[in-house]
Amino acid sequence: PHLINQIAAGEVVERPASAIKELLENSLDAGATQIDIDIEQGGVKRIRVRDNGRGINKEELSLALSRHATSKIASLDDLESVLSFGFRGEALPSIASISRLAVSSKSQDEDQAWQLQGNGQEEFDEPTPCSHATGTTIDVRDLFFNVPARRKFLKTEKTEFRHLEDVVKKVALSRFETGFTLRHNQKTVLNLRPATTLKMAERRVAEICGPAFTEQSIRVEHEGAELTLTGWIGLPTFSRSQADLQYFYVNHRIVRDRVVTHAVRQAYQDVLYHGRHPAYVLFLEIDPTKVDVNAHPTKHEVRFRESSLVHGFLYRSLHRTLAELRP
Ligand code: ADP
Ligand code: MG
């Protein structure tokens, strides 16, 4: 089973950035409104994520680190409407199998906080009492210390951190109500307060995408019978290498999807006669039974059950928004 964990880890955890993605999704699943991230040496030395979510019960601590023990999917029907991020129950065991991992947590249902230490082995000792406010800290040290083949493929500290920071930014854009801090080698890189108003949300977008984007973009807000689209789309004057500024979220989950890319680009061309791919940060809310979450571990892909409905809605919403710009 230990080997299986390590193999699974290869699928889920390619580099520090993939580990942080899983940890952040878990924190959000747990209802955290504040997430503090401490990174050392690009995440290879240390990734520590502290949240104020529901926490983990003492008895569930070792389960959380065991493969498939926690899968929330009980049936195929569940699969159809998985709203939360976590459903495979293998991220933590995978990370634990390739690092020195410690979990400290206080469940909202208990008075005492508990810590569990791993050392890349399959077995865990009994939890020991520790001090922690309600919530969870996952401390991942020496990622890949026992997988030299993987370690060899890591890039420089700077590059690994850049990937990791990208992930944090993507996640921070998906949850405006949650505060995020990110420190690298003791230095604060991001400090994003919980954003509860549109103005605060715009400030967060400016911090993540740069002020030029907020200044040179237009607000999108369309509510249909079954679908809602909100966010911002960059104006033709906003010129930055655009490929890295296309964020599309379906029910708070970032996705890449051809239907989406096509609809956005088509609306942009038809209204502004502008051939390039625009920059955008867009959020689609859709009945979860109308999307298939792809089974791939990184869950970047969705499939819309009625893709022409989605395409049409996106196209019309953006067409209308952009048409307001025309003299
Ligand atoms: P999954 O998220 O797919 O269930 P993970 O391996 O990512 O699997 O996490 C295992 C389990 O550990 C989760 O289902 C959850 O019960 C618990 N867990 C992990 N991280 C946290 C956290 N930050 N707060 C509360 N519970 C957590
Ligand atoms: Mg998870």
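In the block above lies the structure referred to throughout.
Residues numbered from 1 in each chain as written. Chains lettered and ligands numbered in written order. Predicted model: local features only at pLDDT ≥ 70, side-chain atom pairs only at ≥ 80, totals over all residues.

Caption draft 1: Region of the structure containing the overall build of the chain. What the chain contains, in helices and strands, is 11 helices and 15 strands. With 327 residues in all, the chain has 38% of them scored as buried. Within the chain, counting contacts between residues at least 6 apart in sequence, those at least 24 apart form 66% of the total. (Helix = DSSP H or I, 4+ residues; strand = E, 2+ residues; numbered from the N terminus. Buried ≥ 20, exposed ≤ 12 C-beta atoms within 10 Å, placed from the backbone. Contact = placed C-beta atoms within 7 Å.)

Caption draft 2: Expanded view of the sheet that holds strand β12 (residues 253-254). An order of β9-β10-β13-β11-β12 is seen for the 5 strands of this open sheet, with the pairing classed as mixed. Strands at the two margins of the open sheet, each flanked by one partner only, are β9 (217-223) and β12. Where strand β11 (residues 246-250) meets β12, 2 bridges bridge the pair, whose relative direction is antiparallel. For Tyr-249, the partnering residue across the bridge sits in β12 and is Ile-254. Sheet strands touched by helix α7 (residues 157-174): β11, β12 and β13 (280-286). Its angle to β11, the strand with the most contacts, is close to 50°. (Pairing = 2+ DSSP bridges. Axes fitted to C-alpha atoms, helices over the stretch in contact; angles between N-to-C directions.)

Caption draft 3: Inspection of unusual backbone geometry at higher detail. Non-glycine residue Gln-41 carries a positive phi angle of around 50°. The residue His-252 is not glycine, and still its phi comes out positive at about 75°. Residue class for His-252 comes out partly exposed when judged on the 16 C-beta atoms lying within 10 Å of it.

Caption draft 4: A look at the packing of helix α2 (residues 16-29) against α7. Between α2 and α7, the shortest axis-to-axis distance is 8 Å and the interhelical angle comes to 25°. Considered as vectors, α2 and α7 are oriented roughly parallel to each other. For the pair α2 and α7, the crossing hand works out as right-handed. Contacts between α2 and α7 involve Pro-16, Ala-17, Ile-20, Lys-21 and Leu-24 from the first element and Glu-160, His-163, Leu-164, Asp-166, Val-167, Val-168 and Val-171 from the second. (Parallel < 35°, antiparallel > 145°, perpendicular 65-115°, else oblique. Left-handed = near helix turned anticlockwise from the far one by under 90°.)

Caption draft 5: View of the sheet that holds strand β3 (residues 100-106). Strands sit in the order β5-β4-β3-β6-β2-β1-β7-β8 across an open sheet of 8 strands; the sheet is mixed. Single-partner strands in this sheet number two, and they are β5 (128-130) and β8 (187-192). When strand polarity is set aside, the average angle formed by the axes of neighbouring strands in this sheet is 15°. Judged from the 7 bridges that link them, β3 and strand β6 (residues 135-141) form a sheet pairing that is antiparallel. Residue pairing for β6: Leu-101 is matched across the bridge by Val-140. Sheet strands touched by α2: β1 (34-40), β2 (46-51) and β6. Its angle to β2, the strand with the most contacts, is close to 10°.

Caption draft 6: Highlighting the environment of Ile-254. Considering the arrangement of structural elements, one finds Ile-254 in strand β12. Taking the C-alpha atoms as reference points, Ile-254 and Leu-92, separated by 162 residues in sequence, lie 21 Å from one another.

Caption draft 7: The pairing of β11, seen in detail. Across 5 bridges, β11 lies against β13 in parallel orientation. The residue of β13 that forms the bridge with Tyr-247 is Val-281. Between β11 and β12, which pair antiparallel in sequence order, lie 2 residues; one of them, Asn-251, sits at a positive phi of approximately 50°.

Caption draft 8: Just the nonpolar core, in detail. Counting 73 residues, the largest nonpolar core has Ile-20, Ile-95 and Val-168 as its most contacted members. Split by domain, this core shows at least three residues from each of two domains, domain 1 (2-192) and domain 2 (202-323). Excluding anything up to four places from it in sequence, Ile-20 contacts Ile-37, Gly-43, Ile-47, Leu-164, Val-167 and Val-168. (Core = buried A, V, L, I, M, F, W, Y, C linked by C-beta atoms within 7 Å. Domains from an automatic or database assignment.)

Caption draft 9: Spotlight on helix α10 (residues 258-272). Helix length check: α10 (15 residues) gives 21 Å between terminal C-alpha atoms against 21 Å at 1.5 Å per residue, within 8%. Inspection of α10 places Val-260, Ala-263, Val-264, Ala-267 and Tyr-268 among the buried residues, and these make up the whole buried set. When α10 is viewed along its axis, its buried side chains cluster within an angular range of 125° and face the same direction. Tucked into the core, α10 has its buried residues touching β11, β13 and α11 (307-323). With its phi angle positive at about 50°, Tyr-273 sits one or two positions after the end of α10. (Expected span 1.5 Å × (residues − 1). Arc of directions from axis to C-beta.)

Structural measurements only, silent on function.
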